[in-house]
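# Analysis of the macromolecular model
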Amino acid sequence: MSLAVIKFSSEECGICHKMSFYDKKVAEELGLEFIDVKMQDTTAYRKYRKILLTQYPDKSEMGWPTYIICNSPEGEFQIVGEVKGGHPKGEFRSRLQEVLDSTANQN
């Protein structure tokens, strides 16, 4: 199963911008596809909106940024975990790894 990390962020979010210096690199180092969705990019947002709204139907509990880890983001997706908010690089890596470990333990 190949997994993807979908980053939902805003162009006006300073923490989202700060995370962009390493989030894609960390995700790819862990073997994950990385998809960056800025809420202002209507084309990208429409494409992945269903995934975001499955996790956050009214978007009130999402963090900035929100990273949703799922399989098959282009089709019949299944959400396996998430990381919300800004984190230092090492902590972000650890949180993604925790999601991957919990997924591996379920299989």
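Please refer to the structure placed before this passage.
This write-up is about the structure you can find in this document. Here, residues in each chain are numbered from 1, in the same order as that chain's written sequence. Side-chain atom pairs in this predicted model are given and counted only at pLDDT of 80 or more, local residue features only at pLDDT of at least 70, and totals for whole chains, interfaces and linings cover all residues. With hydrogens and water set aside, each side-chain value is computed from the structure's full complement of heavy atoms.

As a further point, take the pattern of salt bridges. For this document, the term salt bridge refers to a Lys or Arg side-chain nitrogen within 4 Å of an Asp or Glu carboxyl oxygen. All chains considered together, the criterion is met by seven salt bridges. A salt bridge links K7 to D23; the nearest nitrogen and oxygen atoms lie 2.8 Å apart. One end of the pair, K7, is in strand β1 (residues 3-9); the other, D23, is in helix α2 (residues 23-29), and 16 residues separate them in sequence. For the pair K7 and D23, one class covers both residues: buried. Between E29 and R93 there is a salt bridge, and its shortest N-O distance comes to 2.7 Å. Here the residue E29 occupies a position in helix α2, and R93 occupies one in helix α4 (residues 89-106), the gap between them amounting to 64 residues. Given the relative accessible area of 43%, E29 is considered partly exposed. Salt bridges linked by common partners bring K25, E29 and R93 together as one network. Note on conventions: DSSP H or I runs of at least 4 residues are helices, E runs of at least 2 residues are strands, and numbering of each starts at the N terminus. Working definition: with a 1.4 Å probe on protein chains only, accessible area under 20% of the residue-type maximum means buried, over 50% means exposed, and in between means partly exposed.

Three- or four-residue spacings in an α-helix give side chains the same orientation, since the helix completes a turn every 3.6 residues. Here the expected length of a helix is defined as 1.5 Å per residue gap, with one fewer gap than residues. With 18 residues, α4 extends 26 Å from end C-alpha to end C-alpha; this agrees with the ideal 26 Å at 1.5 Å per step. Residues F92, L96, V99, L100 and T103 constitute the buried set of α4. Projected onto a plane normal to the axis of α4, the buried residues spread over an arc of 95° and lie on a single side. Exposed and facing more than 90 degrees away from the buried side of α4 are E98 and N105. The contact criterion used is simple: two residues touch if any of their non-hydrogen atoms lie within 4.5 Å. Summarising the contacts, the buried residues of α4 are in contact with β1, α1 (14-19), α2, β3 (66-71) and β4 (78-84). Read the arc as the range of directions from the helix axis to the C-beta atoms.

Here we take up helix α3 (residues 42-55). Over its 14 residues, α3 extends 19 Å from the first C-alpha to the last, a length consistent with the 20 Å expected when each residue adds 1.5 Å. One fitted axis covers the seven residues ending at a residue, a second covers the seven starting there, and the bend at that residue is the angle between these axes. The principal kink in α3, of about 55°, is found at Y48. Of all the residues in α3, the buried ones are A44, Y45, Y48, I51 and L52. Buried residues along α3 sit against β1, β2 (33-38), β3 and β4.

Right, let's get into the sheet that holds β2. In spatial order, the strands read β2-β1-β3-β4; together these four strands make up an open sheet with mixed pairing. This sheet does not close on itself; its edge strands, each paired only once, are β2 and β4. Strand-to-strand, the axes of this sheet are offset by a mean angle of 20°, without reference to chain direction. Two strands make a pair as long as DSSP finds a minimum of two bridges between them. Here β1 pairs with β2 via six bridges, running parallel. Angular values range over 0 to 180 degrees, each being the angle between N-to-C directions of two axes fitted as lines to C-alpha atoms, with helices fitted over their stretch in contact.

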